[in-house]
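# A look at the structure
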Amino acid sequence: MYVSVLGEQFHRARLSPAISHLDSASAGRSSNAVIGTISAHLWREAERGSYVAADDQAEEFARDTRDLASLIGHTAEEITFRESARAALRALLNGWSLPVSTTVWVAKNEFGPNLVEFERRGYAVRPLPDDLDGHIDLDALENMLQFEQPDFIHICHIGSMSGVVQPVARIVEIAHAAQVPVVVDMAQSVGHVPTVTGADIVYGTSRKWLTGPRGVGFLAVRRDSLRTVEIESSEAFLAGRLGLGVAVAELQRIGQQRVFRELAAIGRATRERLDGIGSWVVCEPVDEPSALVTLAPPPGWQDADLRAARDRLFNELGILVTAAESWRAPLAGDQGVLRISPHLDVRREDLDQLADALRIMGY
Ligand SMILES: *Cc1c(COP(=O)(O)O)cnc(C)c1O
């Protein structure tokens, strides 16, 4: 039995999984239509030549870009594509004319590899205060901005090892009142939670919650952004871009708000089902509106134990989850977590089976 009323529809659009796939935060399962669109374009490239095939699909590319733009609150002209979210961030930082000693404020859920990009460029990074659950403390932010303004605020809308959803729209309002631009990493949020936030610059990837193909990332820079960013276009995986277009169209056909509501309900059901099983503890508030769920392991567990648990779940039971180690969010501490990220087709049986396995592994 599906947890969500959309489960059957999501399932029918795809190949039946050979495993219990609870890992959309790594990569979601693409629909048959997405895969068909990608292959059709590869065939067209072979038949007519790649550049001709691209010209032939010009209208599709334009429509797909408009659809993606409306999903993330930008215009089509503001979007460029890269092969990943990280490549999009690099393109941004390489093209943005920032001062020599740049200051960036981030939340504690900041993705480790993003911090590496900032540090490599010599930026001063400052973590913002948060509430007990990990959401940015908006009052503290407002106060801090009265005394000092960073060159930009960078927010992971949802991080890689926590299902906490940052209040991006409010952060943007507060930052803009102080003339500070906001950049949002939407790798875990696009296709998952509402992403029209008013942010100046956003980027993300096709392959996670949108269930588009791997190898397609996007970057959108608002035209009236406070500083100019120069990003030239380059060679691209055009078949993949068409696949992403189909994935976005599928989301819009079901209704994005409906999908977001159902994913939030799935997150809640997953947390309720798993919390406290065998002394595993859910890290997010139960009703955090995301389907990314993290479990802190029983006391005394090291990262190696977590990795072994993930491997046992997969090898012995065919349950795919992630052992998320602290490099993913180094500012949040050094505790690794088990990350469970079901999509719309999760069934009660999948959660029951995982709960039974965790009970045995949790002592
Ligand atoms: C996955 C992820 C990224 C990186 O995305 P890639 O497309 O693999 O580069 C960035 N930020 C967060 C929060 C992520 O979860």
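In the nomenclature of an unreviewed UniProt entry, the protein chain is known as Aminotransferase class V-fold PLP-dependent enzyme of Gordonia oryzae.

### Here's the deal with the site of the ligand
With respect to spatial proximity, the complete set of residues near the ligand consists of Ser-84, Ala-85, Arg-86, Phe-111, Ile-158, Ser-160, Asp-185, Ala-187, Gln-188, Thr-205, Arg-207 and Lys-208. Ala-85 places a polar main-chain atom, nitrogen or oxygen, 2.9 Å from an oxygen atom of the ligand. Within the contact set of the ligand, an oxygen atom lies 2.9 Å away from a side-chain nitrogen or oxygen of Arg-207. Taking 380 Å² as the accessible area of the ligand by itself, protein coverage stands at 88%. The class makeup of the residues in the shell around the ligand is four nonpolar, four polar and four charged.

### Focus: the sheet that holds strand E12 (residues 322-324)
In a beta sheet, neighbouring strands are held together by backbone hydrogen bonds and run either parallel or antiparallel to one another. The strand order across the open sheet built from four strands is E9-E10-E13-E12, with neighbouring strands paired in antiparallel fashion. Every other strand in the sheet has two partners, leaving strand E9 (281-282) and E12 as the edge strands with one partner each. Contacts from helix H11 (residues 303-317) reach E12 and strand E13 (337-340), with the element oriented near 170 degrees to E12.

### A few points about unusual backbone geometry
Residues other than glycine seldom take positive phi values, yet Thr-211 does so here, at roughly 55 degrees. Mapped onto the elements, Thr-211 comes out in the loop between strand E7 (201-205) and strand E8 (217-221). Overall, the relative accessible area of 3% leaves Thr-211 in the buried class. Although it is not a glycine, Ser-279 adopts a positive phi angle of roughly 60 degrees. Tracing the backbone shows Ser-279 in the loop between helix H10 (256-274) and E9.

### Observations concerning the packing of H10 against helix H12 (residues 348-361)
Closest axis-to-axis distance for the H10/H12 pair is 10 Å, and the angle between their directions is 30 degrees. As judged from the angle between their axes, H10 and H12 are roughly parallel. Of the two possible hands of crossing, H10 and H12 adopt the one that is right-handed. Side by side, H10 and H12 meet where Ala-269, Thr-270, Arg-273 and Leu-274 of the first sit next to Arg-348, Leu-351, Asp-352, Leu-354, Ala-355 and Leu-358 of the second. Here the contact of H10 with H12 is built from residues that sort into six nonpolar, one polar and three charged.

### Observations regarding the packing of helix H2 (residues 32-48) against helix H9 (residues 238-254)
Relative orientation of the contacting elements H2 and H9 amounts to 150 degrees, with a least axis distance of 8 Å. Between H2 and H9, the angle falls in the class roughly antiparallel. Our pair here, H2 against H9, has a crossing hand that is right-handed. Along its contact with H2, which presents Ala-33, Val-34, Thr-37, Ile-38, His-41, Leu-42 and Arg-44, the element H9 presents Leu-238, Ala-239, Gly-240, Leu-242, Gly-243, Val-246, Ala-247 and Glu-250.

Conventions adopted
- Residues numbered from 1 in each chain as written.
- Predicted model: local features only at pLDDT ≥ 70, side-chain atom pairs only at ≥ 80, totals over all residues.
- Heavy atoms only, no water.
- Near = heavy atom within 4 Å.
- Polar contact = N/O pair within 3.5 Å; in protein donor to acceptor, adjacent residues only side chain to side chain.
- Areas by Shrake-Rupley, 256 points an atom, 1.4 Å probe, with all protein chains shown as cover.
- Nonpolar A, V, L, I, M, F, W, Y, C, P; charged D, E, K, R; others polar.
- Pairing = 2+ DSSP bridges.
- Helix = DSSP H or I, 4+ residues; strand = E, 2+ residues; numbered from the N terminus.
- Contact = heavy atoms within 4.5 Å.
- Axes fitted to C-alpha atoms, helices over the stretch in contact; angles between N-to-C directions.
- Buried < 20%, exposed > 50% of the residue type's maximum accessible area, 1.4 Å probe, protein only.
- Parallel < 35°, antiparallel > 145°, perpendicular 65-115°, else oblique.
- Left-handed = near helix turned anticlockwise from the far one by under 90°.

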